[in-house]
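# Fold and geometry: a report
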Amino acid sequence: MRLTLPTVLYFGTWTTLVAAPVILVVLILMGQFSPEAIRAAFPDVPVSEMQSDDQIICAGIVGLVPWLIGAWVLYQAQALFALYRGNRALTLEAAQIIRNLGVGMVVIAVAQVATRTVQILMLTSANVDGERMLAIQFGFAQVGLLLAAGLMVVIGRSMVEAARAVDDMRGFV
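The following paragraphs examine the structure supplied in this document.

## Digging into the pattern of salt bridges
- Applying the stated rule across the entire model yields three salt bridges.
- One salt bridge connects R88 with E93, and the closest N-O pair in it is separated by 3.8 Å.
- Given a relative accessible area of 41%, R88 falls into the partly exposed group.
- Residue R132 is joined to D129 by a salt bridge in which the shortest nitrogen-to-oxygen separation is 2.7 Å.
- Judged by relative accessible area, which is 47%, R132 ranks as partly exposed.

Okay, structure coming up:
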């Protein structure tokens, strides 16, 4: 086995996909999803003492949505690196995976904004009127992710045309 960049990236993404659930279990066992840890993760959110521990834990679990989407994006990246390892970079399949990566990154950016908003709503739902919060956070991280996603979608579309051109050229030979 030759040690090439696609090979390193393929095994790196594979390792991350396997390690992520293990790390999640370790974090749960370490108490990172306990009500106290979740309250500490939201220091500016006034969580009522009337809020049940189950509701607080559910709010923490909602925060995993972007990470689950990220796992799917990582799986797509692994598939792309597998094609690159097999010298099938300029194929319609690779182009579609690149487009999927871009779409997945858009969904992650939207999910980051939405989940944070839902978490804050969940954490303040037991507060008295006037102390409930609706906070929407959209920052440079999401802007950067959207720009990168847009680039991936454009590259994916360009790759579709390039793959079709390569297929046409193979037909002439």
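Back to the write-up after that little detour.
## Let's talk about the nonpolar core
- L80, L101, I108 and L145 are the most contacted members of the largest nonpolar core, which has 20 residues in total.
- Elements that contribute at least two residues to this core include exactly helix 4 (65–85), helix 5 (92–123) and helix 6 (140–172).
- The greatest single-element share of this core, amounting to nine residues, is contributed by helix 5.
- Ignoring sequence-local partners within four residues, the contact set of L80 consists of A94, I97, I98 and L101.
- Residues I38, V47, A59 and L123 belong to the second largest nonpolar core, which totals eight residues.

Rules used in this analysis
Residues numbered from 1 in each chain as written. Predicted model: local features only at pLDDT ≥ 70, side-chain atom pairs only at ≥ 80, totals over all residues. Heavy atoms only, no water. Salt bridge = Lys/Arg side-chain N within 4 Å of Asp/Glu carboxyl O. Buried < 20%, exposed > 50% of the residue type's maximum accessible area, 1.4 Å probe, protein only. Core = buried A, V, L, I, M, F, W, Y, C linked by side-chain atoms within 4.5 Å. Helix = DSSP H or I, 4+ residues; strand = E, 2+ residues; numbered from the N terminus. Contact = heavy atoms within 4.5 Å.

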